[in-house]
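Tertiary structure, described
Single-letter residue listing:
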Amino acid sequence: TCFMIQAYKNYLNNQLLPLLVALCAFSIPLKTGVFSVFVGLLIITWAISGEYRDKFQRIADNRVAVAAILFFLVFTIGLLYGDVAWQDRLPGYMKYHKLLYIPIVISVIRTDRHRRWAMNAFLIACLVVMLLSYMELLSVIPFHDSGQGFIVTKNRITHNILMAFATFMMMHRAYAASGSYRYVWSTLVL
């Protein structure tokens, strides 16, 4: 039984959790409900997968993870004072719980391969969203003007931030690539 439990934990930590991180990365540019499902599965799997000593050590060793936790704690302390009613404080506060996803992801992604999975998943989703957006612009697919422009999944501010970040990632890849890959990434940037 100890061998089976360890094999189960290995599967969760080395295969399922990195896959869930990649699915979360893929779902970021999509509808919020899709992301919520995948991040819920990620948190539940992270909680039952064990190896907490290793996970917490990776979090403690990473300045970004520590900064996210500290910022969330400072925000929590700030929530405790003020003259705004609690029902008005909590919705804003609940937006910042997403900072705690950062240490979870950092504790899960241990290899370059898993990191590439997540980054590629995010880029693929952004490219699909961008393609659909251009298809709306060119009237290939129906467009309903909601005052947001040719936006497929989120509002225009979020859409533009995600597209800018995806473009930055593709520029970085174009710079680091060689041969025909450099042309592919450069074309995608344009």
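Above this text is the structure in question.
The paragraphs below set out a description of the structure included in this document. Just so it is clear, the model here is predicted, and its values are computed rather than measured.

Side note on the overall build of the chain
A count of helices and strands for the chain gives 9 helices and 0 strands. Reading the secondary structure of the chain in the N-to-C direction produces α-α-α-α-α-α-α-α-α. Seen through its principal axes, the chain has C-alpha atoms that stretch 55 × 55 × 30 Å. Evaluated residue by residue, the chain yields a buried proportion of 31% over its 190 residues. Contacts in the chain between residues at least 24 apart in sequence constitute 63% of all its contacts with a sequence separation of at least 6. Here the chain displays about 12500 Å² of accessible surface, and carbon together with sulfur accounts for 69% of that area.

With respect to the nonpolar core
Counting 28 residues, the largest nonpolar core has L42 and F122 as its most contacted members. Secondary structure elements with two or more residues in this core: α1 (2-27), α2 (32-48), α6 (101-108), α7 (112-137) and α8 (156-176). Counting residues per element, this core draws most heavily on α8, which supplies 6 residues.

A few points about unusual backbone geometry
Phi is positive for E51, which is not a glycine, with a value near 55°. Inspection of the secondary structure assignment puts E51 in the loop between α2 and α3 (52-60).

A short note on α7
Along its 26 residues, α7 runs 37 Å from first to last C-alpha, staying within 8% of the 38 Å computed at 1.5 Å per residue. Taken as a whole, α7 has its buried residues at H114, A118, A121, F122, L123, A125, C126, V129, S133 and E136. Next to the buried residues of α7 lie α1, α8 and α9 (180-189). Just downstream of α7 lies S139, where phi reads positive at about 60°.

Some thoughts on the environment of T76
Along the chain, the position of T76 falls in helix α4 (residues 63-79). C-alpha separation for the pair T76 and L123, spaced 47 residues apart in sequence, amounts to 33 Å. Engagement of the side chain of T76 in a polar contact is seen with the side chain of Y93, the distance being 2.7 Å.

Remarks on the state of the cysteines
For the coordinates displayed, the defined rule picks out 0 disulfides. Here C24 is not cross-linked by a disulfide; its sulfur's nearest cysteine counterpart is in C126, at 14 Å.

With respect to the packing of α7 against α8
Two elements in contact, α7 and α8, have axes whose closest approach is 10 Å; the angle formed by their N-to-C orientations is 125°. Taken together, the axes of α7 and α8 are oblique relative to one another. Our pair here, α7 against α8, has a crossing hand that is left-handed. Across from M119, N120, F122, L123, C126, L127, V129, M130 and S133 in α7, the residues of α8 making contact are H159, L162, M163, F165, A166, M169, M170 and R173.

Let's talk about α4
The end-to-end C-alpha separation of α4 is 24 Å, in line with the 24 Å expected for 17 residues at 1.5 Å each. If you check which residues of α4 are buried, you get A65, A68, F72 and L79. Angularly, the buried residues of α4 cover 65° about the axis, an arc narrow enough to put them on a single face. Across from the buried face of α4, at angles greater than 90 degrees, the exposed residues are R63, V74 and I77. Looking at the buried positions of α4, the neighbouring elements they touch are α3, α5 (86-95) and α6.

Reading guide: rules and limits
Residues numbered from 1 in each chain as written. Predicted model: local features only at pLDDT ≥ 70, side-chain atom pairs only at ≥ 80, totals over all residues. Heavy atoms only, no water. Helix = DSSP H or I, 4+ residues; strand = E, 2+ residues; numbered from the N terminus. Buried < 20%, exposed > 50% of the residue type's maximum accessible area, 1.4 Å probe, protein only. Contact = heavy atoms within 4.5 Å. Areas by Shrake-Rupley, 256 points an atom, 1.4 Å probe, with all protein chains shown as cover. Core = buried A, V, L, I, M, F, W, Y, C linked by side-chain atoms within 4.5 Å. Expected span 1.5 Å × (residues − 1). Polar contact = N/O pair within 3.5 Å; in protein donor to acceptor, adjacent residues only side chain to side chain. Disulfide = S-S within 2.5 Å. Axes fitted to C-alpha atoms, helices over the stretch in contact; angles between N-to-C directions. Parallel < 35°, antiparallel > 145°, perpendicular 65-115°, else oblique. Left-handed = near helix turned anticlockwise from the far one by under 90°. Arc of directions from axis to C-beta.

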